[in-house]
Amino acid sequence: MKKFVLTVLSILIFAFSSLSGFSASESLDRIEAIIAGKQDKLVFGTVSKIGSSVSSISVMEEIGSDVPEDDENEAEIPSIVGQEIEISNLSSYMYFDSVSQTPKIGDNILVSLTFDGNVYHVKNGVFLVNEASYGTFKFLVPEGVDETDSLMELTALYKFVSSNGKNADYTVKNSAVYSHDINNNEIRTTEPEGIVFIDESGAKTKETSEASNDSSNSGIGAYQKSSYTWIKAAALILVGMIVGAFAVRLIAKLEKRSEMK
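Only a predicted model underlies this, so the values are computations on that prediction, with no experimental measurement involved. (Residues numbered from 1 in each chain as written. Predicted model: local features only at pLDDT ≥ 70, side-chain atom pairs only at ≥ 80, totals over all residues. Heavy atoms only, no water.)

### Let's talk about the environment of G45
For step 1, the next point in the chain: Among the structural elements, G45 can be located in strand 1 (residues 41-49).
For step 2, the next point in the chain: Considered as a pair, G45 and G82 are 37 residues apart in the sequence and their alpha carbons are 9.3 Å apart.
For step 3, the next point in the chain: Discounting residues that sit within four places of it in the chain, G45 has contacts with I57, S58, V59, M60, D107, N108, I109 and A132. (Helix = DSSP H or I, 4+ residues; strand = E, 2+ residues; numbered from the N terminus. Contact = heavy atoms within 4.5 Å.)

### Here's the deal with the environment of I109
For step 1, the next point in the chain: Topologically, I109 is positioned in strand 4 (residues 108-115).
For step 2, the next point in the chain: On a C-alpha basis, the gap between I109 and L140 in space is 9.5 Å, while along the polypeptide they are 31 residues apart.
For step 3, the next point in the chain: Ignoring sequence-local partners within four residues, the contact set of I109 consists of V43, F44, G45, V47, I57, L90, Y93, V126, F127 and V129.

### What to know about the pattern of salt bridges
Close approach of charged atoms lets side chains of opposite charge pair.
For step 1, the next point in the chain: Applying the stated rule across the entire model yields 6 salt bridges.
For step 2, the next point in the chain: Across the pair E62 and K41 runs a salt bridge, and its minimum N-O distance is 3.0 Å. One end of the pair, E62, is in strand 2 (residues 54-63); the other, K41, is in strand 1, and 21 residues separate them in sequence.
For step 3, the next point in the chain: By relative accessible area, K41 is classed as buried at 1%.
For step 4, the next point in the chain: Between K138 and E207 there is a salt bridge, and its shortest N-O distance comes to 2.4 Å. Here E207 lies in strand 11 (residues 204-207) and K138 lies in the loop between strand 5 (120-129) and strand 6 (139-142), a separation of 69 residues in the sequence.
For step 5, the next point in the chain: Take E207: its relative accessible area is 34%, and that puts it in the partly exposed class.
For step 6, the next point in the chain: Because the salt bridges share partners, they merge into one network encompassing K138, K204 and E207. (Salt bridge = Lys/Arg side-chain N within 4 Å of Asp/Glu carboxyl O. Buried < 20%, exposed > 50% of the residue type's maximum accessible area, 1.4 Å probe, protein only.)

And the structure:
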């Protein structure tokens, strides 16, 4: 019985730790990889065909370099703008984990791709957007995505893509996006940008402000938003402590009964 209780406690602790950090870390890693150019293509396109294993998109624009990620000395991959290409594993959008929405024909997307010589594969994620152009697009995300860090990750990617991949100086930390101006002065963005929130039917519910919020000393907004993350984390820790205390008391009672026998 003691072994069983300890096993259950271990599972609960693992679950709490996973809920508090894994998905956020994974999404940030992917966005950092996109900004660092770790893909063969980063393109805007419109979904034209959905298949069980391979789908197709019509490519509208390419962002950044055409040089393959593995070897800069290799020949450049020709432009695919205006072409319909096949893509494997086009199955879900980033930040839609809790929403039952999958890619469908007519969707505009931003997608990170790698090429094996025959078919393109999703590399660092697929993002649903309102328009397939770096000059006018915004990310479409479910209204349930309200974590400050997740929104700031998207803000960093939005700024990178909006520069047509020419400015990769964006880092997400402490619930803000950091970059530098032409004089190398640090710039901090503390409010999300380039995001439209939608409900499960795809209808717009709200969007982020496009007013400039870049500053070197405007951390109040970031602190207020990040405090919600800390509250959730504290709640998880408290629940874990209560479960742990209960398990300890239960083990003690079982051992005492065993000794009495």
